Amino acid sequence: MNGDIAIRTNNLTRRFGALTAVDHINLTVPRAHIYGFLGPNGSGKSTTIRMLCGLLKPSDGDAEVLGYHVPREAEALKLKIGYMTQAFSLYEDLSVVENLDFMAEIYSLSRKQRKSRIAHQIEVFGLGNVVRQRTGTMSGGQKQRLALAAATIHEPELLFLDEPTGGVDPQSRRDFWDFLFDLANRGTTILVSTHYMDEAERCHALAILQRGAIVANGAPKELEAAIDAHVVELENADLHQMRLQLLKTPHVLNITQLGMRLRVLVERSVSAPDEYLRDALQRGGETLKLQIARPNLEDVFAVATQKSERRSPS
């Protein structure tokens, strides 16, 4: 494997009986990057992460992770990675320092290393004021910081995060991402799954998953620039009726209401989408504000997943 590549998969697939949870995924993740998995529940994000960690054997295909073949060399890989699950998985009846000490011992750190690393993690993740507190009595944001401190106590080269910010407040989410960028700046590669668009936009690159398959991948700005649709925003007092009318209009892919505006995705084949929508609404004499808008990642997600649904057999 190229030394600049942390993860490379080859038709990675996982089936559970008749269900294909992950369908021939091919991806490349550079080192020291934050790479995102964006997709709804059931899209295959967690299953893919478990295979890359060596916790789940593929039904077909394989992967190289930090130069180790998965699943053949999964045991050797485990000492090089950290894994933070969606659900809080530390011991709630132990204190912060006891949980960190336990995780340091799991990763075979010496007594001297454990003491140094625990002190470092407590300082970096701002846990000094709760160091003796039982974990079960901590807030969601504090638990999240502790979980990340535990997952990185052995200084892994690669960190897997499976929807790590669910159930925490917006400020805690922002603080958490500051920690992630600090880790990436120090050379840690991070693969994070999420269903939050604002988090996906923070990633250096990402893959959009739908029904176990990658339906789009690249840097967020590249995906937005390459979207196969026009974005039109319109304003009117009667948005409800206009939305109902546009839902029946050919070439309209998606409609989202944002306050007093409708954000409409129109197929790229339509040459003048604003005029097309005006004609479709048959309100030429009425004051109707329409303007072409810049696409965002939510638009990319809507177009990519909708096209995937159209291609899928019923």
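Going by the structure above, here's the rest.
Below or above, wherever it landed, is the structure these notes cover.

Conventions we followed
- Residues numbered from 1 in each chain as written.
- Predicted model: local features only at pLDDT ≥ 70, side-chain atom pairs only at ≥ 80, totals over all residues.
- Heavy atoms only, no water.
- Patch = residues over 30% accessible without salt bridge, like charges linked within 9 Å, V, L, I, M, F, W, Y side chains within 5 Å.
- Areas by Shrake-Rupley, 256 points an atom, 1.4 Å probe, with all protein chains shown as cover.
- Salt bridge = Lys/Arg side-chain N within 4 Å of Asp/Glu carboxyl O.
- Lys, Arg positive; Asp, Glu negative; His and termini not counted.
- Charge placed at Lys NZ, Arg CZ, Asp CG, Glu CD.
- Buried < 20%, exposed > 50% of the residue type's maximum accessible area, 1.4 Å probe, protein only.
- Pairing = 2+ DSSP bridges.
- Helix = DSSP H or I, 4+ residues; strand = E, 2+ residues; numbered from the N terminus.
- Axes fitted to C-alpha atoms, helices over the stretch in contact; angles between N-to-C directions.
- Contact = heavy atoms within 4.5 Å.
- Arc of directions from axis to C-beta.
- Right-handed = clockwise from strand over helix to strand, strands pointing away.
- 1 Å grid on protein atoms, 1.4 Å probe; cavity = no way out; pocket = protein on both sides within 12 Å on 5 of 7 lines; lining within 4 Å.
- Points joined across faces, edges and corners; volume = space filled by probe spheres on them.
- Nonpolar A, V, L, I, M, F, W, Y, C, P; charged D, E, K, R; others polar.

**A word on a negative patch on the surface**
- On the surface, a cluster of negative charge is contributed by Asp169, Asp175, Asp178 and Asp182.
- For aspartate 175, a relative accessible area of 33% gives the class partly exposed.

**A look at the sheet that holds strand S13 (residues 252-258)**
- With antiparallel pairing, 4 strands are arranged side by side in an open sheet as S13-S14-S12-S15. The two strands at the open ends of the sheet, each matched to only one other strand, are S13 and strand S15 (289-292). Across the sheet, the mean angle from the axis of one strand to that of its neighbour is 20°, orientation sign disregarded.
- Pairing of strand S12 (residues 229-235) with S15, which is carried by 4 bridges, proceeds in the antiparallel orientation. Across the sheet, the residue bridging to leucine 234 is leucine 290, located in S15.
- Running over the sheet, helix H9 (residues 239-247) touches S12, S13 and strand S14 (261-267) and is turned about 10° from S14.
- Docked against the sheet, helix H10 (residues 273-281) engages S12, S13, S14 and S15, running at close to 55° with respect to S12.

**Considerations on H9**
- Among all positions of H9, only Leu239, Met242 and Leu246 are buried. The arc that holds every buried residue of H9, seen down its axis, measures 65°, which confines them to one face.
- Looking at the buried side of H9, the elements it contacts are S12, S13, S14 and H10.

**Digging into the pairing of strand S8 (residues 158-162)**
- Counting buried positions over the 5 residues of S8 gives 5, a clear majority of the element.
- Of the two faces of S8, the one lined by Leu158, Phe160 and Asp162 and the one lined by Leu159 and Leu161 are each fully buried.
- Between S8 and its parallel partner strand S9 (residues 189-194), the chain crosses via helix H6 (residues 170-185), and the hand of that crossover is right-handed.

**Describing the pairing of strand S1 (residues 5-16)**
- Across 3 bridges, the pairing between S1 and strand S3 (residues 28-30) is antiparallel. Bridge assignment links isoleucine 5 to a residue of S3, and that residue is proline 30.
- Note that S1 and strand S5 (residues 60-65) share 5 bridges and pair antiparallel. By the bridge assignment for S5, isoleucine 7 is matched with valine 65.
- In this antiparallel pair of consecutive strands, S1 and strand S2 (residues 19-25), the connection spans 2 residues, and glycine 17 shows a positive phi of 65°.

**Re the layout of surface pockets**
- There is about 530 Å³ of room inside the largest pocket.
- Residue lining of the largest pocket: 27 residues in total, with Tyr83, Met84, Thr85, Ser89 and Ala151 positioned closest to the centre.
- Sorting the residues of the lining of the largest pocket by element identifies strand S7 (81-84), helix H3 (96-106) and helix H5 (140-151) as the ones contributing at least two each.
- With 6 residues, H5 is the largest single contributor of residues to the lining of the largest pocket.
- Broken down by class, the residue content of the lining of the largest pocket amounts to 17 nonpolar, 8 polar and 2 charged.

Everything listed here is a matter of coordinates, which is why it stays silent on function.
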